[in-house]
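Summary of the model geometry
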Amino acid sequence: MEILSTVIIGLLVGLVARFVKPGDDSMGWIKTILFGIGGSLLATYGGQALGLYRAGQGAGFIGSVLGAVILLFLVSRLSSK
């Protein structure tokens with residue numbers, strides 16, 4: 001059940017991140033889910049490194065969306081060159 005909830009939250013975070021970030025991000029559902037999960041991980045571990053979160057404490061929904069937007073921005077910059 002934990003994996004299913006991770007996939008669903010990843011999909012929601014990925015969809016919101018694609019909506020928030022300007023530009024055309026044409027990708028499928030799998031990439032959207034992976035960007036959402038990756039954004040959550042980036043926000044969690046980046047927040048722990050910056051002292052925003054304690055160990056074992058995960059990022060919230062907004063932090064996950066910000067992490068996913070950062071990932072989308074980086075991938076779009078790297079792939080355009």
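Once that is clear, we can look at the side chain of Lys21. Locating Lys21 in the fold gives a position in the loop between α1 (2-20) and α2 (29-50). Its relative accessible area of 10% is what places Lys21 among the buried residues.

When pLDDT is averaged along the protein, the result is 82; 96% of the residues meet or exceed 70. Of all secondary-structure elements in the protein, the lowest mean pLDDT belongs to α1, at 83, while helix α3 (residues 61-79) reaches the highest, 86.

Once that is clear, we can look at a nonpolar patch on the surface. A grouping of Leu4, Ile8, Ile9, Leu12, Val16, Phe19, Val20, Phe61, Ile62 and Leu66 is seen on the molecular surface, where their side chains present a nonpolar patch of about 1,000 Å² in accessible area. When contributions to the nonpolar patch are tallied by element, the ones reaching two or more residues are α1 and α3. Here the nonpolar patch takes 7 residues from α1, the largest share from any one element. On the secondary structure map, Leu4 appears in helix α1.

Calculation notes
Residues numbered from 1 in each chain as written. Predicted model: local features only at pLDDT ≥ 70, side-chain atom pairs only at ≥ 80, totals over all residues. Heavy atoms only, no water. Helix = DSSP H or I, 4+ residues; strand = E, 2+ residues; numbered from the N terminus. Buried < 20%, exposed > 50% of the residue type's maximum accessible area, 1.4 Å probe, protein only. pLDDT = per-residue confidence, 0-100. Patch = residues over 30% accessible without salt bridge, like charges linked within 9 Å, V, L, I, M, F, W, Y side chains within 5 Å. Areas by Shrake-Rupley, 256 points an atom, 1.4 Å probe, with all protein chains shown as cover. Salt bridge = Lys/Arg side-chain N within 4 Å of Asp/Glu carboxyl O.

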